[in-house]
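# Structural features, examined
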Amino acid sequence: MANLTRVPRLWPLSPLQSRALSPVLPGFYRRISTTTTRPYAVKARGPRRSRSSLLKSGRNQGGNGLVQMEASVTMLLPNTLVAPPVWRYPRQPSKFVHMLWLHIRARLESLWGVTSVKILSQPTMLVSRPRFKFQKSAAIPTAKALHIQMSEAMAIGDKETLRQICTIELFQTLAATIETRPKGTHAEWELVRYDRKLFFPRLADWRLGYQPMRDGGMRMVKQAVVSIASVQRIARYDDTRGGIRIEGSERVRHMTEHIVIQSEVDRNTYESGPWKIWGTLSENTYEGYLAEKENFEVLAAAADKM
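Residues numbered from 1 in each chain as written. Predicted model: local features only at pLDDT ≥ 70, side-chain atom pairs only at ≥ 80, totals over all residues. Heavy atoms only, no water.

### Remarks on the nonpolar core
So the rule is basically this: For our purposes a nonpolar core is just a set of buried Ala, Val, Leu, Ile, Met, Phe, Trp, Tyr and Cys residues, chained together by side-chain atoms within 4.5 Å. Think of it in three bands: with a 1.4 Å probe and only protein chains considered, a residue is buried below 20% of the maximum accessible area for its type, exposed above 50%, and partly exposed in between. Strands here are runs of E lasting at least two residues and helices are runs of H or I lasting at least four, both read from the DSSP assignment and numbered beginning at the N terminus. Here, residues are in contact when the closest pair of their heavy atoms is within 4.5 Å.
Ranked by internal contacts, the top residues of the largest apolar core, which has 31 residues, are F132, M150, L162, C166 and I261. Sorting the residues of this core by element identifies α3 (93-120), α4 (139-156), α5 (159-165), α6 (168-179), β3 (202-212), β4 (218-238) and β6 (251-265) as the ones contributing at least two each. Tallying contributions element by element places α4 first for this core, with six residues. For I261, the contacting residues outside a window of four places in its chain are A139, A143, L146, K222, Q223, A224, W275, K276, I277 and W278.

### Focus: the packing of aromatic side chains
Two descriptors summarise a pair of aromatic rings, namely the distance from one centre to the other and the angle between the planes of the rings. Rules: Only Phe, Tyr and Trp rings take part, Trp by its six-membered ring, and two of them pair if their centres are within 6.5 Å. Stacked means planes under 30 degrees apart, edge-to-face means over 60, and tilted covers everything else. Distance and angle both matter: a charge sits over a ring if NZ of Lys or CZ of Arg is within 6 Å of the ring centre and within 35 degrees of the ring normal.
Summed over all chains, the structure comprises four aromatic pairs. When the centroid spacing of 6.3 Å and the interplanar angle of 65 degrees are considered together, the rings of F134 and W275 count as edge-to-face. With F134 in the loop between α3 and α4 and W275 in the loop between β6 and β7 (276-281), this pair connects stretches of sequence that are 141 residues apart. Of the residues examined, F134 reaches a relative accessible area of 3% and is grouped as buried. Overall, W275 belongs to the buried group, its relative accessible area being 12%. Among the aromatic residues, those joined into a cluster by ring pairs are F134, W206 and W275. Sitting over the ring of F134, K222 keeps its end group 5.7 Å from the ring centre.

### Things to note about the pairing of β4
The condition is simple: Pairing between two strands is assigned when DSSP locates at least 2 bridges connecting them.
Counting buried positions along β4 gives 19 out of 21 residues, so the element sits mostly inside the fold. One ladder, built from nine bridges, connects strand β2 (residues 185-194) with β4; its direction is antiparallel. In the strand pairing of β4, W189 is matched with I234. Judged from the ten bridges that link them, β3 and β4 form a sheet pairing that is antiparallel. Bridge assignment links L208 to a residue of β4, and that residue is K222. One ladder, built from 15 bridges, connects β4 with β6; its direction is antiparallel. In the sheet register, V231 faces β6, and the bridge partner there is H254. As judged from the two bridges shared by β4 and strand β5 (residues 244-245), these two strands associate in the antiparallel manner. By the bridge assignment, D238 is partnered in β5 with I244. From the end of β4 to the start of β5, which pair antiparallel, there are five residues, and G242 there has a positive phi angle of about 80 degrees.

### Quick word on a positive patch on the surface
Note the threshold: Candidate patch residues must exceed 30% relative accessible area and have no salt bridge, after which like charges are joined if within 9 Å and Val, Leu, Ile, Met, Phe, Trp or Tyr side chains if within 5 Å. For the area figures, the Shrake-Rupley method with a 1.4 Å probe applies, and any residue is considered shielded solely by the protein chains shown. Any Lys or Arg side-chain nitrogen found within 4 Å of a carboxyl oxygen on Asp or Glu counts as a salt bridge. None of His or the chain ends enter the tally, which takes Lys and Arg as positive and Asp and Glu as negative. Where a charge sits is defined by one atom per residue type, namely NZ (Lys), CZ (Arg), CG (Asp) or CD (Glu).
On the surface, a cluster of positive charge is made up of K118, R129, K133 and K136. Its place among the elements puts R129 in the loop between α3 and α4.

### As for the side chain of R219
Here is the rule: Two N or O atoms count as a polar contact when they lie within 3.5 Å, although within protein this holds only if one can serve as hydrogen donor and the other as acceptor, and sequence-adjacent residues are included solely when both atoms are side-chain atoms.
Relative to the assigned elements, R219 resides in strand β4. A distance of 2.7 Å separates the side chain of R219 from the side chain of Q211, its partner in a polar contact. Polar side-chain contacts of R219 include one of 3.5 Å to the side chain of E264. R219 has contacts with T74, G209, Y210, Q211, M213, E264 and R267, leaving out every residue within four places of it along the chain.

Shape descriptors only; they carry no functional weight alone.
Written out as structure tokens, the structure reads:
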């Protein structure tokens, strides 16, 4: 996206997301989950702050510091939506229709962003084959493969594989967790089967946007959220006792994960780099998504005034 004016404004000030350990190994590593919080969302409880007060707060905290902090991390693209199924939409008719519209608009925004870049990537102004390809059809098999690789690598403590397939922040979190494991033990992870095959896996969200870099420049990133339902088994073993399984350590769980993968796109050649796992997200609620959009608009307005 060589020109911001030609593509939907996908980020004025991209939201910083927290990260934690992968939920594919729950119960063994401090029971932490990678399901990320969205810091630009309003908390469900407590008084809501006005738009003007939020803007004032952002200025008082120092906008430049916020930009510099966010420029050092790999961020989730704004307006990412993991929509609930229709039967979990709000029951109130007006909210139901609005949620449906939000879902449709998110898809239209994604389509417009990708289409705009395809037009910009054409070698000539005349109609020609665009150099940029989002490759949506590859997102689901890629996410499934990366999910297995990450889970297996996490179980055996293979930090080098994690470094290659995860974004830097997620890798640092997982590597730190591996270091805290009890000595003389190892884990074994197994994908028993994929579950609920009528509905999963599916592409929950896909979009294209910018991320700021440490040097003040911009990089183009494509992102996909793939929802996977599976049955997973994990167990721990005691190496000091001949590798026998630790009693009570085996767990078999039915899990639904919304896995975020990202790939950097070269702004000159429009070639895409390898997909990497960013983390996982929870399913959006109607109120939660509205809060995220409102707070993101506040951050965008604050960025414009810097």
